[in-house]
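Results of the structural survey
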Amino acid sequence: MFHKEGYKILVSSLIGLIIINLLSNLLINKQWIVTTIFLATLVMFILVAQFFRNPKRHVKKNKKNILSPVDGKVVAIEKVFEPEFVNEERLQVSIFMSPLNVHVTRYPIGGKILYTKYHPGKFFVAWHPKSSEENERTTVVVETQNFGNILFRQIAGAVARRIVNYAKEDKIAVQGEDSGFIKFGSRVDLFLPVDSEISVSINENVKGGESIILKAK
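Given the structure is predicted, the values throughout are model-derived calculations rather than measurements.

Focus on unusual backbone geometry
Its identity is not glycine, yet Asn87 carries a phi of approximately 55 degrees, on the positive side. If you trace the backbone, Asn87 turns up in the loop between strand S2 (72-82) and strand S3 (88-97). Accessibility expressed as a relative area gives 48% for Asn87, which makes it partly exposed. We note that Asn203 has phi near 75 degrees; this positive angle belongs to a residue other than glycine. Tracing the sequence through the fold places Asn203 in the loop between strand S11 (186-192) and strand S12 (205-206). The exposed category is assigned to Asn203, whose relative accessible area is 52%.

Digging into the packing of aromatic side chains
Geometry of an aromatic ring pair is reported as the spacing of the ring centres plus the angle between the planes. All chains considered together, the criterion is met by 2 aromatic pairs. When the ring of Phe85 is compared with that of Tyr115, the centres are 5.1 Å apart and the planes differ by 40 degrees; the resulting orientation is tilted. Here Phe85, found in the loop between S2 and S3, pairs with Tyr115, found in strand S5 (residues 111-119); they are 30 residues apart in sequence, far enough to count as distant. Overall, the relative accessible area of 16% leaves Tyr115 in the buried class. An angle of 90 degrees between the planes, with centres 6.3 Å apart, marks the rings of Tyr107 and Phe152 as edge-to-face. With Tyr107 in the loop between strand S4 (104-106) and S5 and Phe152 in strand S7 (residues 149-156), the pair connects residues that are 45 residues apart, well separated along the chain. This pair shows no difference in class: Tyr107 is buried, exactly as Phe152 is.

Focus on the sheet that holds S2
Spatial ordering of the open sheet is given by S9-S5-S6-S7-S11-S3-S2-S12, a layout of 8 strands whose pairing is antiparallel. Strand pairing shows two members of the sheet lacking a second neighbour, strand S9 (172-173) and S12, which therefore form its edges. In this sheet, strand S6 (residues 137-143) lies alongside S5 in antiparallel orientation, the contact comprising 7 bridges. In the sheet register, Lys112 faces S6, and the bridge partner there is Glu143.

Focus on the pattern of salt bridges
Within the structure shown, the criterion is met by 6 salt bridges. Of the charged contacts, one joins Arg153 and Glu84 as a salt bridge, the two residues approaching to 2.9 Å between their closest N and O atoms. Of this pair, Arg153 sits in strand S7 while Glu84 sits in the loop between S2 and S3, placing them 69 residues apart in sequence. Using a relative accessible area of 5% as the deciding quantity, one classes Arg153 as buried. Judged by its relative accessible area of 24%, Glu84 falls in the partly exposed class. Here Glu88 makes a salt bridge to Arg90, at a shortest N to O gap of 3.0 Å. Several salt bridges share partner residues, and in doing so they unite Glu82, Glu84 and Arg153 into one network.

Cut-offs applied
Positions within a chain are numbered from 1, following the residues in the order the chain's sequence is written. For this predicted model, a pLDDT threshold of at least 70 governs which residues receive local features, and a threshold of 80 or more governs which side-chain atom pairs are given and counted, while totals over whole chains, interfaces and linings are taken from all residues. Neither water nor hydrogens contribute to the side-chain values; these are computed over all heavy atoms in the structure. Working definition: helices are DSSP H or I runs of at least four residues, strands are E runs of at least two. Numbering for both runs from the N terminus. Residue burial is assigned from relative accessible area. The probe radius is 1.4 Å, only protein chains are included, and a residue is buried under 20% of its type maximum, exposed over 50%, and partly exposed in between. Aromatic contacts are taken between Phe, Tyr and Trp rings whose centres are within 6.5 Å, Trp giving its six-membered ring; a plane angle under 30 degrees counts as stacked, one over 60 as edge-to-face, and the others as tilted. Only strands that DSSP links by at least two bridges are regarded as paired with each other. A pairing counts as a salt bridge when a side-chain nitrogen of Lys or Arg comes within 4 Å of a carboxyl oxygen of Asp or Glu.

This is the structure in structure tokens:
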């Protein structure tokens, strides 16, 4: 299964693969070169296709749990001051996605969407300390029953040059459903209550919609 954000790119890539290989068969006499071109274009198409894969997840909806919004590796758990919306100290959990990860962003918790905003910006590598505040990014805030207002942020990286955000203010976020997509490598930050006892650790690999980041006390 592929994500809808990849349909146009996949179709264009497939057409390009067919055209290149038709031309190579018509214009090149050496079979080993034709075969090499075919294999190279096939590998490139497979790499693009795997990036847009969208495997089905068995989301166990629970308003007392905050789930990982994305697949990736936990690269930071630290106290920070969040100035954009909550204007207070929060515990930031950062998840880095390599180009090999699934890049669907899912709502980590259900509730009313209070705020959503797109910020144009730079393209530092996603693990750069300044990327959370200076890179292209989107911010979403969900009002919850057990955790107060939960903010999460999609952050573009050096390779990711397009963030897609589906969140709309005053709509209802459904835990585990798609909230957006980041194309080609990136990071997502969660800003949780400062006294949270996080259920994951640094360098742990997590799955979007399945891994529990925080449980209500």
